[in-house]
Amino acid sequence: PEVLHRLGLFHGSGVGSAVDAAEDIHARSRPGLAATVRQAIPLSLRHAVTRCLPMRLHYWLNMKWANQAIDWDRSKAFCIPNSNEAYVRVNLEGRDPGGLVEHGPACRELLETVESAVAELVVPGGSRAAREVFKMDGVFAGPRRDDLPDLVVTWDPDARVLGELHSERCGSIHGPAGYQVAPYYTGNHRPNAFVIARGPHVTRGSGLQGHILDLPATVLALLGVDPPAHCEGSAWREVLGR
């Protein structure tokens, strides 16, 4: 969020300097009674209560708490809370609260600004913080595209990004490390994994080679269903027996 704030794209509580706070009381007001009471309840008890709620209500409450401190009248982009990768969503006209950014060139220009700014970020020692930056329009073209972030930043594990970033454009940014932010992840996803398969056509020790995107294609092939056009990946021949 602080990076977006220094680019002039995000405004709300928790970002900016003391000068910003003095100039913008609305965006940096004290927490309301409901928020104060919520923070006084132990996290374990809050989790126990929310598990008993209907999923639709649970989702609505999560969105309300996550977005309550955002100044929608001025924020053109915002972060979807996540302790691992960085998920950025544009406050797009007709889709998001306020809808300050028009579809088309304005949205693309904003995303390019964020992408270039993130690419400039380094950690102490000079290593680039980001390994890759993905625009969702170029990755996922399915019918539920609007439910996803507009831009995703994958941090470089070799950079060991913790609580400090720097660039000439954004200056020095300090904040809590990922493992200090709820739900307190101590690690991140890795590209390497394994799969265990069993079936009449699977040979012991065959050593399947593939990608996680191959799983839906394989399941659909086993069910005799043609995958939709936007489905990526290929069915595993070792599982299908052909």
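Residues numbered from 1 in each chain as written. Predicted model: local features only at pLDDT ≥ 70, side-chain atom pairs only at ≥ 80, totals over all residues. Heavy atoms only, no water.

K.L.:
It is not clear to me how the sheet that holds strand β4 (residues 151–155) should be interpreted in this structure. Could you clarify?
P.N.:
Within a beta sheet, neighbouring strands are joined by backbone hydrogen bonds and run either parallel or antiparallel to one another. Within the open sheet, the 4 strands sit side by side as β1-β2-β4-β3. Their pairing is antiparallel. The sheet terminates laterally at β1 (77–80) and β3 (130–135), the two strands that pair on one side only. Across this sheet, the average inter-strand angle for adjacent strands is 25°, counted without regard to direction. As paired strands, β3 and β4 are joined by 5 bridges and run antiparallel to one another. Bridge pairing links Phe134 to Val152 in β4. Contacting β1, β2 (86–90), β3 and β4, helix α6 (residues 105–120) runs over the sheet at an angle of about 175° to β3. (Pairing = 2+ DSSP bridges. Helix = DSSP H or I, 4+ residues; strand = E, 2+ residues; numbered from the N terminus. Axes fitted to C-alpha atoms, helices over the stretch in contact; angles between N-to-C directions. Contact = heavy atoms within 4.5 Å.)

K.L.:
Got a minute to help me understand the packing of aromatic side chains in this structure?
P.N.:
The geometry of an aromatic ring pair comes down to the distance between the two centres and the angle between the two planes. If you walk through the whole model with that rule in mind, you get 1 aromatic pair. Taking the centre distance of 5.0 Å and the plane angle of 80° together, the rings of Trp72 and Phe78 count as edge-to-face. Just as Trp72 is buried, Phe78 falls in that class too. (Phe/Tyr/Trp six-rings, centres within 6.5 Å; stacked < 30°, edge-to-face > 60°. Buried < 20%, exposed > 50% of the residue type's maximum accessible area, 1.4 Å probe, protein only.)

K.L.:
Just to check I follow, could you spell out the side chain of Asn91 for this structure?
P.N.:
By the element assignment, Asn91 lies in the loop between β2 and α6. Among the polar contacts listed, one links the side chain of Asn91 to the backbone oxygen of Ser75, at a separation of 2.8 Å. In this structure Asn91 touches Trp72, Ser75, Lys76, Ala77, Phe78, Asp96, Pro97, Gly98, Gly99, Leu100 and Val101, once residues within four positions along its chain are discounted. (Polar contact = N/O pair within 3.5 Å; in protein donor to acceptor, adjacent residues only side chain to side chain.)

K.L.:
Could you clarify how one ought to interpret helix α7 (residues 214–222) in this entry?
P.N.:
Each α-helix turn comprises 3.6 residues. Residues three or four places apart therefore point the same way. Listed as buried for α7 are Asp214, Ala217 and Thr218. Down the axis of α7, the buried set is contained in an arc of 100°. They therefore lie on one face. Its buried side turned inward, α7 meets α8 (237–240). One or two positions beyond α7, positive phi appears at Gly224, with a value near 75°. (Arc of directions from axis to C-beta.)

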